[in-house]
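Coordinate inspection notes
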Amino acid sequence: MTNSFPYSKNQSFPERYISPEKLFSYLQHHYSDLIKEIGKSSLGKPIYMLTLGSGPVKVAAWSQMHGNESTATLAMLDLLSIFEKHPQLHEKLFALIQLDFILMLNPDGSEAWSRRNAYDIDINRDFIRNSSNEMRVLKSIVLNGNYSYLLNLHDQRTIFTTDGLHPATLSFLSPSENAERDITENRKKSMAVIAAVYMQMKQILPNRIATYTDEFYPTSSGDNFMKCGIPSILFEGGFYENDLERTKTREYYTHALYFALKAMSVLKGDTLSYETYFDIPQNRESHFDLIYRNVKLNTEFECIMDIGIQYREILDDDKNLTYQPYVIEVGDLNHKKGWKEIDCTDKKFVSVKKFPKLDSLVDFSIE
């Protein structure tokens, strides 16, 4: 990359899947004086918070609220490794801010590689009802911490692009505080941080940075923390070409996380240049992972269709992630694109079935 940020991967965590036990052991071994247990998951696993710095700008962040979204956890682990190799970066930044980072808010879901917690609750839609231990832990920290900013860190699906051509490798959001999506002072503060990150990164990640929809979600964490008066910033780590393992996404996410913290340390709640936020394109839902075009089925009548495929991330018995192709849509898919497309004109659809079944594992071949 062309900028001066010295990225390197934390070699202790080379893959997307992170077992909670491995993470906890690593934190206890390397950062025992910086972590504390702040609560328990639904199944009694510890939830840890890492604190860096003691500066006047207080920032809270959390990763793996959805257990199968690990890029932010990996980005923070990469940052820790980078700070060890380049202590001057750490010292300068954390003289200005205090970062309280909850690594793996949902360890039960992370263990199972599941979006939801052990009781199938989507923690990110549990702000009002407080049905989950995990949301109660998060709110107890955030609402009592006198924070200047919040970082709500997620991953997004491969379906999103910035312009119908390039993947939305990173998407950001300044959440709405009401259904009218008013541009409030808190939103401007969040927008200013996102704008600063965008200006830092648009040259090294051209055409692949977007904003997420600012539709108001009444039960979600980001929208409600904004309503509580705390500027909140949503990160979404998406797809990069030919990178299902999200190795490149992880690298760019690490950059973005560092630049966001740096921007907060400088802005200190200022809304300088927040208008740049509106220059960032918004996510478009335009792609499948794979499209088979012009497939002629083995039916009694002529039936030619397109078949849209998405890969599902399945954790096998050995705790390895596998990517399994599922049929998501069939018919005329000319309004959609695929990251990979196969023209099946004059080829044979080979299957024990006459047609592909929606929401099922691909069980056919094209010959």
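Provided above is the structure to which this section pertains.
Overview of the structure. (Residues numbered from 1 in each chain as written. Predicted model: local features only at pLDDT ≥ 70, side-chain atom pairs only at ≥ 80, totals over all residues. Heavy atoms only, no water.)

A look at the pattern of salt bridges
- Summed over all chains, the structure comprises 16 salt bridges.
- Residue Lys 319 is joined to Glu 111 by a salt bridge in which the shortest nitrogen-to-oxygen separation is 3.5 Å. With Lys 319 in the loop between strand S12 (304-315) and strand S13 (321-331) and Glu 111 in helix H4 (residues 107-112), the pair connects residues that are 208 residues apart, well separated along the chain.
- Using a relative accessible area of 35% as the deciding quantity, one classes Lys 319 as partly exposed.
- A salt bridge links Arg 115 to Asp 122; its shortest N-O distance comes to 3.5 Å.
- Taking relative accessible area as the criterion, Asp 122 reaches 10% and is therefore assigned buried.
- Salt bridges linked by common partners bring Glu 69, Arg 115 and Asp 122 together as one network. (Salt bridge = Lys/Arg side-chain N within 4 Å of Asp/Glu carboxyl O. Helix = DSSP H or I, 4+ residues; strand = E, 2+ residues; numbered from the N terminus. Buried < 20%, exposed > 50% of the residue type's maximum accessible area, 1.4 Å probe, protein only.)

Points about unusual backbone geometry
- Look at Asp 120: it is not a glycine, yet its phi comes out positive at around 60 degrees.
- Positive phi outside glycine occurs at Lys 319, with the angle close to 65 degrees.

Observations concerning the side chain of Glu 177
- Here Glu 177 lies in the loop between strand S7 (170-173) and helix H6 (185-201).
- For the buried Glu 177, no salt bridge is present, and the opposite-charge side chain at shortest range is Arg 187, 6.3 Å distant.
- One polar contact links Glu 177 to Thr 184, side chain to side chain, over a distance of 2.4 Å.
- Every residue in contact with Glu 177, bar those within four places of it in the chain, is listed here: Thr 184, Asn 186, Arg 187, Phe 216, Asp 223, Met 226 and Lys 227. (Lys, Arg positive; Asp, Glu negative; His and termini not counted. Polar contact = N/O pair within 3.5 Å; in protein donor to acceptor, adjacent residues only side chain to side chain. Contact = heavy atoms within 4.5 Å.)

Re the sheet that holds strand S1 (residues 35-40)
- Strand order in this open sheet of eight strands is S1-S2-S4-S3-S5-S9-S7-S8, and the pairing throughout is mixed. Edge positions in the sheet fall to S1 and strand S8 (209-211), since each of these pairs with one other strand and no more. Taken over all neighbouring pairs, the strand axes of this sheet differ in orientation by 20 degrees on average, direction set aside.
- In the sheet, strand S3 (residues 57-62) pairs with strand S5 (residues 149-155) via four bridges, with the strands oriented parallel. Looking at the pairing, Ala 61 lines up with Leu 151 of S5.
- Packing against the sheet, helix H2 (residues 71-85) makes contact with strand S2 (46-52), strand S4 (97-103) and S5, and its axis sits at approximately 135 degrees to S4. (Pairing = 2+ DSSP bridges. Axes fitted to C-alpha atoms, helices over the stretch in contact; angles between N-to-C directions.)

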